[in-house]
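Single-letter residue listing:
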2 protein chains.
Amino acid sequence: MNGAQSVLRTLLDAGVDVCFANPGTSEMHLVAALDAFPAMRAVLGLSEGVVTGAADGYARITGTPAAALLHLGPGLANGWANLHNARRAGSPVVAIVGDHATYHKRFDAPLESDIESLADPLRGWVRRSSHAADAGADTAAAVAAAMDPPGRVASLLLPGDVSWGDGGVPVEPIPPKAPRLPGEAAIAAAAGALRDDEPTTLLLGGPACTEAGLRAASRIARATGARVLVETFPARLPRGAGLPSFDRLGYLPEQAAGQLDGTQRLVLAGARSPATFFGYPDHASDLVPEGARVHQLAGREHDATRALEDLAGRVAPEYAPLLAEQARPTLPGGALTVQNWVEVIGALLPDNAIVADESNTSGLLLPQATAGAPRHDLLTLTGGAIGQGMPVATGAAIAARDRPVINLEADGSAMYTLPALWTQAREQLDVTTVVLNNRAYAILRMELGRVGAEPSGAAAKSLFDLSTPDIDFTAMASGMGVPASRATTAEELADQFRRATSEPGPHLIEAMVPPLA
Amino acid sequence: MNGAQSVLRTLLDAGVDVCFANPGTSEMHLVAALDAFPAMRAVLGLSEGVVTGAADGYARITGTPAAALLHLGPGLANGWANLHNARRAGSPVVAIVGDHATYHKRFDAPLESDIESLADPLRGWVRRSSHAADAGADTAAAVAAAMDPPGRVASLLLPGDVSWGDGGVPVEPIPPKAPRLPGEAAIAAAAGALRDDEPTTLLLGGPACTEAGLRAASRIARATGARVLVETFPARLPRGAGLPSFDRLGYLPEQAAGQLDGTQRLVLAGARSPATFFGYPDHASDLVPEGARVHQLAGREHDATRALEDLAGRVAPEYAPLLAEQARPTLPGGALTVQNWVEVIGALLPDNAIVADESNTSGLLLPQATAGAPRHDLLTLTGGAIGQGMPVATGAAIAARDRPVINLEADGSAMYTLPALWTQAREQLDVTTVVLNNRAYAILRMELGRVGAEPSGAAAKSLFDLSTPDIDFTAMASGMGVPASRATTAEELADQFRRATSEPGPHLIEAMVPPLA
């Protein structure tokens, strides 16, 4: 057995049976070994951003890692942004980065680079395998490291000769660490904060965003009068009828500051202390209101859900959660707007959907339109690196073949990782992509004014303009084997969305919306 | 004047008047400043791989840097692969990476990352600007660093508050270092090697690949009987009628080994000592023949052209260079093959073209078909990171508005940075892209056998298959505003290529070729 075979055997024994891949020559022995291990499903992505984003989406749905097979430093770099998003999501990912044979590195061949320096900022786990005999053990360690709570990017660097060398030894899986409950002091302090009479906000994030966590938070809110908010960009948020419904903290600083205004006790459950997304000249970065006390009930590495249940048992033993009732918007009509397209989605969202939302400015009104839709899971842009939605939707669909996946995608973001559509077509995944084409980097138009930059002219504004030339997303989707249509009215969007979600396989709808005013 | 304005003023004063850009919020003040500095041409790319590859292409043609404006760590990561290619090309590039405001970094906001760790492996120059008052000086230093021979990637990290802060001071350009002549000992040793009776190969690379360098090498070859080869992937190689014509060292190890077989003296002019692209189980990485002596006439940082002229003055004072005569292939007919499509290009290549070649396996026969075509500059995949051709062609066309640019592009590589087409349409660049669609990662099919992997089955082979579904490049090009057509015969390719190169603006031709057998 060679090193590559021991890697695949060890992955499978650890339950890692999906490998998103964009391999090159240095990964050929892993590719060659696939036929000997038919339980490993290899999914080809036509660029590494697709591969890593799909691994993130897969992990958000299954809670377990897929492998992402990448080609040397440039492959890791191409996939880095979506690994950054995965890291911020707390998604377990095993990134296998092929490298030159150990003895070949000294020749400084064209593809030579310092892969460790690229992998380090992912703040996960990095190891270079040195011998075929170690490859299995290194793989087992990588899977365990990826599963370290809350979930990390484990980068295993695999030189060509380690893959093709003889003497590979498969290694039994290392039992993953379970997330711990936070200490009694943290829970007691949070209970104390909730019991006093100060205005209190409970901010949920990461591992608190489970059905059980939301139910516990709702009970706490009913018993104590605390306000509950969810972090701005949760990795996965169960929503819809039958679940508690909470607002997310706003993206814009003044919006978030308004939501937190008056808060004197801030209890964090799996969430970071709130700060603005960017620094702005005229707004504080820290969103904790002046004088408020912050209590960390549970960190992202903790079992924040159990911590919330424990807390609810203390402060709200008699209370039941408040659950959203089914309440869909009525189907709107007329030319598409930033208001009515979200109502179409809310009215027609299929049962048990996964919604990968990278609609950015076009989707600001989405949460209220879908709060009473059938239960669904929302996946958001955790790390702020655009080009995440299409790959995440792809990986989520691989993870949950029986669930409809809806990808709400901004035009600018879509252009980053468009080849994800090809993988969706190849794998015949039930993904309905709605591209909100407002012909602009609308968020930057907004931000230009917000950062206090002086009035600008045509040169500046042209950098946000995606209308010269107009991009035809239906043509590009068709070019990659995804049936596509264009909607300019709410009626058309409704018709096309109904059809797309009722037919098997991927579909793309280009929804022509005006930019947010 | 704020920091951002001082950056733009300093860039312009140093002659940097093109900025390829994909900005975000942290770069808004640079964007806002554009209208005050109309001499700065900002060119929008819809993903960072386009931006950095275009800066590389621009530098290869002008020899001077463009700026590449990128958004934090993920922006740098997305653009990293083409910066890697630029580094291997010796292209001067000023990468301006916006970052969070200095005081905002401690909040670990979603886009926070260790940008230095990403930039370091580019082995160029990295500096973080700390105050608006320093931004101008840091910019001047970045431009000078980029111009350090042979040309480097200079990464200037620019926090938001440094951009918007008052007190920016434009700084006069720092005179760039000129490349030095190598020492007398190196030139004398090379002359000695060329004068003795051993079989000698002169390998040209980087700064030796100029018209003057090629002419000097040809004189040396005629006088001494030395064989001349050009490195496998030169950044820019002048070719065609009226210039000396030399073979490039082969990509495949047995091909390169065959070319060097028997060589006892190897003289390197601006080239690295030859090694295989990848390590292979059954082939030495080092391509220097056993027992051969290697003489480094000039490194990549030297003025290798002048060194060759000096050397020619010593060993070949009486000799004139041998120049290729105009000799185009006759126009072929019939279904497209890997042979006849290159003949079409050779027959119809316009005068003074720039050819960005990322045709990979489909283009193996290109060099002989274009050796006697009108003079042109060939730009190749210097760093081996695919997705370079379309952006490099885009940047080259910005650099040389009066020259036709031909981009020969493999299907697999094209999918990496396809949005470059949109920039070509937006800027109405005279780029003719020929996508060689063989529906496969053909090079990996080849490599699978070559790395000694055991016979593989359908699972392995499916990872090289781009035909399920087929990709329609004409649809995707049209979707980005580039007129497109498909050719299945040599006659169609000839007709379409003629039309594309005679009409202004970008065009794409999808040439359906069989994979290399």
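The structure we're discussing is the one just above.
No experiment lies behind these values; they were computed from the predicted model shown.

A. Highlighting the overall build of chain A. Summing up its helical and strand segments, chain A has 20 helices and 18 strands in all. Expected size for 517 residues packed as a compact globule is a radius of gyration near 24 Å; at 23 Å, chain A falls within 12% of this value. A burial count over chain A gives 66% of its 517 residues as buried. A separation threshold of at least 6 residues defines the contact pool for chain A, and within that pool the share at least 24 residues apart is 80%. Put simply, chain A shows about 15,900 Å² of open surface, and 51% of that area lies on carbon and sulfur atoms.

B. Structural detail: the sheet that holds strand β6 (residues 153–159) of chain A. Residue and element names in this part refer to chain A. Spatial strand order, β2-β1-β3-β4-β6-β5: six strands in an open sheet with parallel pairing. In this open sheet, the two strands that pair with only one neighbour each are β2 (41–44) and β5 (125–128). Pairs of neighbouring strands in the sheet enclose a mean axial angle of 20°, with direction left out of account. Contacting β3 (67–71), β4 (93–99) and β6, helix α4 (residues 72–89) runs over the sheet at an angle of about 145° to β3.

C. Just the packing of aromatic side chains, in detail. If you walk through the whole model with that rule in mind, you get ten aromatic pairs over all chains. Between Tyr251 of chain B and Phe277 of chain B the ring centres are 5.0 Å apart and the planes differ by 55°, which places this aromatic pair in the tilted class. Taken together, the residues Tyr251 of chain B in the loop between β10 (247–248) and α10 (253–260) and Phe277 of chain B in the loop between β11 (265–269) and β12 (293–298) connect sequence positions 26 residues apart. A relative accessible area of 16% places Tyr251 of chain B in the buried class. Site record: aromatic cluster; members linked through ring pairs are Phe233, Tyr251, Phe277 and Phe278 of chain A.

D. Main features of helix α10 (residues 253–260) of chain A. Residues and elements named next belong to chain A. For α10, the complete set of buried residues consists of Pro253, Ala256, Gln259 and Leu260. Taken around the axis of α10, the buried residues stretch over an arc of 130°, which confines them to a single face. Structurally, α10 contributes buried residues whose contacts are with β7 (200–204), β8 (227–230), β10 (247–248), β11 (265–269) and α17 (442–450). The first or second residue beyond α10 is Gly262, which carries a positive phi of 90°.

Rules of the game
Residues numbered from 1 in each chain as written. Chains lettered and ligands numbered in written order. Predicted model: local features only at pLDDT ≥ 70, side-chain atom pairs only at ≥ 80, totals over all residues. Heavy atoms only, no water. Helix = DSSP H or I, 4+ residues; strand = E, 2+ residues; numbered from the N terminus. Rg over C-alpha atoms; globule rule 2.2 N^0.38 Å. Buried < 20%, exposed > 50% of the residue type's maximum accessible area, 1.4 Å probe, protein only. Contact = heavy atoms within 4.5 Å. Areas by Shrake-Rupley, 256 points an atom, 1.4 Å probe, with all protein chains shown as cover. Pairing = 2+ DSSP bridges. Axes fitted to C-alpha atoms, helices over the stretch in contact; angles between N-to-C directions. Phe/Tyr/Trp six-rings, centres within 6.5 Å; stacked < 30°, edge-to-face > 60°. Arc of directions from axis to C-beta.

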